[in-house]
Amino acid sequence: MAVPKYDEMYDDFLHAISDGNEYKISDIREKIAQKRKLTADELTERLPSKTSTVFNNRVAWTKAYLLKAGLIESKRRGYCAITAEGQKLLGERLSRIDNTVLGRYESFKEYICPEKKNNASKANTIQPVKEEPQHGEISISDEAPDELIARAVEKMNAELADELLSEIMEQSPAFFEWLVSHLLEKMGYGVSELELSKTNHQSRDGGIDGVIRQDKLGFDKIYIQAKRWDLNTAVGRPELQKFYGALPNGTVHGLFITTARFSDDAIEYAQSRNNIVLVDGIRLAKLMIEHNVGVSVETQYVVKRLDSDFFRDE
């Protein structure tokens with residue numbers, strides 16, 4: 001069972017505190033996890049930002065929306081209790097409590113769609129205010145707001161990755177080899193600006209396109225094979241065997257990086273050798289975006305959270 005969406009846990013949350021007592025959020029999470037029979041892997045799955053687990057984050061939004069609807073209350077930080085309205089809702093024994101049900105409550109609707117209330121107030125002197133939509137018409141995503149942001153960023157980065165790979169294919173093979181060295185330098189490997197040109201003009205004997213140092217101090221070498229091949233090409237096992245055979249010995253590190261993709265046989269072969277890392281076109285583009293190579297920042301949005309330590313009474 002996957003981690004439930006935040007709006008799928010309204011009923012779980014309310015039933016966990018249905019006796020009217022005040023409960024710690026951690027205890028409520030535990031009750032929900034037990035009821036849903038969530039596995040250890042599901043409970044430890046983290047958000048893309050790595051700041052929290054998916055489960056904890058979604059329960060937090062479950063709590064936030066129930067608070068806005070007036071179904072629960074929180075008189076002190078980290079604790080919750082059900083309200084009379086919450087008890088009344090549970091008494092209806094609905095088959096499902098979701099955002100449509102929460103849409104009955106004005107405080108929830110105003111929170112989700114504040115512009116409707118503001119627009120109605122502004123328009124009141126100009127034209128009659130239209131009737132409020134029925135609670136069944138409320139529209140809100142079943143994904144938590146921060147998950148929506150992460151998904152949007154992921155989608156935009158996927159489109160940017162496609163653009164990057166298309167642009168790379170318009171460049172020369174020499175440019176691609178320089179790009180690889182430049183990216184590795186940005187990632188913290190021991191390639192200086194003076195060494196980049198040397199790396200790119202080394203002998204291609206044995207299928208080795210370049211050698212870099214593993215760190216800034218120069219410990220250990222990494223041998224590189226960099227191929228700007230058609231995006232739909234599948235790099236097979238024979239190419240990996242050839243690259244492995246070109247390494248000075250079987251223990252040095254090898255990096256095979258390409259704009260193409262790797263066949264299943266090639267991936268299996270690299271994994272069996274333990275000292276070869278494969279980077280295909282998709283991963284290459286992601287690394288370029290992550291390390292700001294070939295891209296520039298267009299817009300930044302800062303997401304802030306409450307600093308609990310600020311309000312702690314020492």
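None of the values given here were measured: they were computed from a predicted structure.

Definitions and cut-offs
Residues numbered from 1 in each chain as written. Predicted model: local features only at pLDDT ≥ 70, side-chain atom pairs only at ≥ 80, totals over all residues. Heavy atoms only, no water. Pairing = 2+ DSSP bridges. Helix = DSSP H or I, 4+ residues; strand = E, 2+ residues; numbered from the N terminus. Axes fitted to C-alpha atoms, helices over the stretch in contact; angles between N-to-C directions. Contact = heavy atoms within 4.5 Å. Parallel < 35°, antiparallel > 145°, perpendicular 65-115°, else oblique. Nonpolar A, V, L, I, M, F, W, Y, C, P; charged D, E, K, R; others polar. Phe/Tyr/Trp six-rings, centres within 6.5 Å; stacked < 30°, edge-to-face > 60°. Buried < 20%, exposed > 50% of the residue type's maximum accessible area, 1.4 Å probe, protein only. Lys NZ or Arg CZ within 6 Å of the ring centre and 35° of its normal. Polar contact = N/O pair within 3.5 Å; in protein donor to acceptor, adjacent residues only side chain to side chain. Core = buried A, V, L, I, M, F, W, Y, C linked by side-chain atoms within 4.5 Å. Expected span 1.5 Å × (residues − 1).

Across the sheet, four strands lie side by side as 4-5-7-9; this open sheet has mixed pairing. The sheet is open, and its two edges are formed by strand 4 (210-213) and strand 9 (276-279), each paired on a single side. Adjacent strand axes in the sheet meet at a mean angle of 25 degrees, parallel and antiparallel pairs treated alike. Looking at chain direction, strand 4 and strand 5 (residues 221-227) are connected through four bridges and run antiparallel. Each residue of the ladder has a partner; that of Val211, found in strand 5, is Tyr223. Relative to strand 9, helix 14 (residues 281-290) is tilted by about 80 degrees, and along the sheet it contacts strand 7 (253-258) and strand 9.

Following both chains from N to C, one finds helix 9 (residues 145-169) and helix 14 inclined at 105 degrees, their axes separated by 9 Å at the closest point. One finds that helix 9 runs roughly perpendicular with respect to helix 14. In this structure, helix 9 contributes Asn157, Leu160, Ala161, Leu164, Leu165 and Ile168 to the contact, and helix 14 contributes Gly281, Ile282, Leu284, Ala285, Met288 and Ile289. When its residues are assigned to classes, the contact of helix 9 with helix 14 shows 10 nonpolar, two polar and no charged.

A separate point is the sheet that holds strand 2 (residues 72-73). Within a sheet, neighbouring strands are paired by backbone hydrogen bonds and run either parallel or antiparallel to one another. Strands sit in the order 1-3-2 across an open sheet of three strands; the sheet is antiparallel. Each having just a single partner strand, strand 1 (23-24) and strand 2 make up the two edges of the open sheet. In the sheet, strand 1 pairs with strand 3 (residues 79-82) via two bridges, with the strands oriented antiparallel. Across the sheet, Lys24 pairs through a bridge with Tyr79, a residue of strand 3.

In this section: the packing of aromatic side chains. All chains considered together, the criterion is met by 10 aromatic pairs. Considering the side-chain rings of Phe256 and Phe262, the 5.7 Å spacing of their centres and the 80 degrees angle between planes classify their relative orientation as edge-to-face. The exposure class of Phe262 is buried, given its relative accessible area of 9%. Seen from the ring of Tyr79, Arg76 lies directly overhead, with NZ or CZ sitting 3.7 Å from the centre. The aromatic ring of Tyr244 is capped on one face by Arg273, whose charged end is 5.2 Å from the ring centroid.

A few words on the environment of Tyr23. Take Tyr23: it is sitting in strand 1. Given a relative accessible area of 16%, Tyr23 falls into the buried group. Beyond its immediate stretch of four places on either side in the chain, Tyr23 contacts Ala16, Ile17, Ile28, Lys31, Gly78, Tyr79 and Cys80. Polar contacts involving the side chain of Tyr23 include one to the side chain of Asp19, which spans 2.6 Å.

Another aspect to go through is the nonpolar core. Of all hydrophobic cores here, the largest spans 36 residues; its most connected members are Phe13, Leu14, Ile28 and Leu102. Residue assignment for this core shows that the elements contributing at least two residues are helix 1 (10-16), helix 2 (25-36), helix 4 (54-69), strand 3, helix 5 (84-91), helix 6 (99-102) and helix 7 (106-112). Counting residues per element, this core draws most heavily on helix 4, at seven residues.

Quick look at the pairing of strand 5 now. With five of its seven residues buried, strand 5 lies for the most part within the structure. The pairing of strand 5 with strand 7 spans six bridges and is parallel. Considered in strand 7, the bridge of Ile224 is made with Leu255.

A few words on helix 4. Compared with an ideal rise of 1.5 Å per residue, which puts 16 residues at 22 Å, helix 4 spans 23 Å between its outermost C-alpha atoms and is within 8% of the ideal. If you check which residues of helix 4 are buried, you get Val54, Phe55, Asn57, Arg58, Val59, Trp61, Thr62, Tyr65, Leu66 and Ala69. Remark: Gly70 follows helix 4 within two positions and exhibits a positive phi of approximately 80 degrees.

Scope: geometric values only; no functional claims are made or implied.
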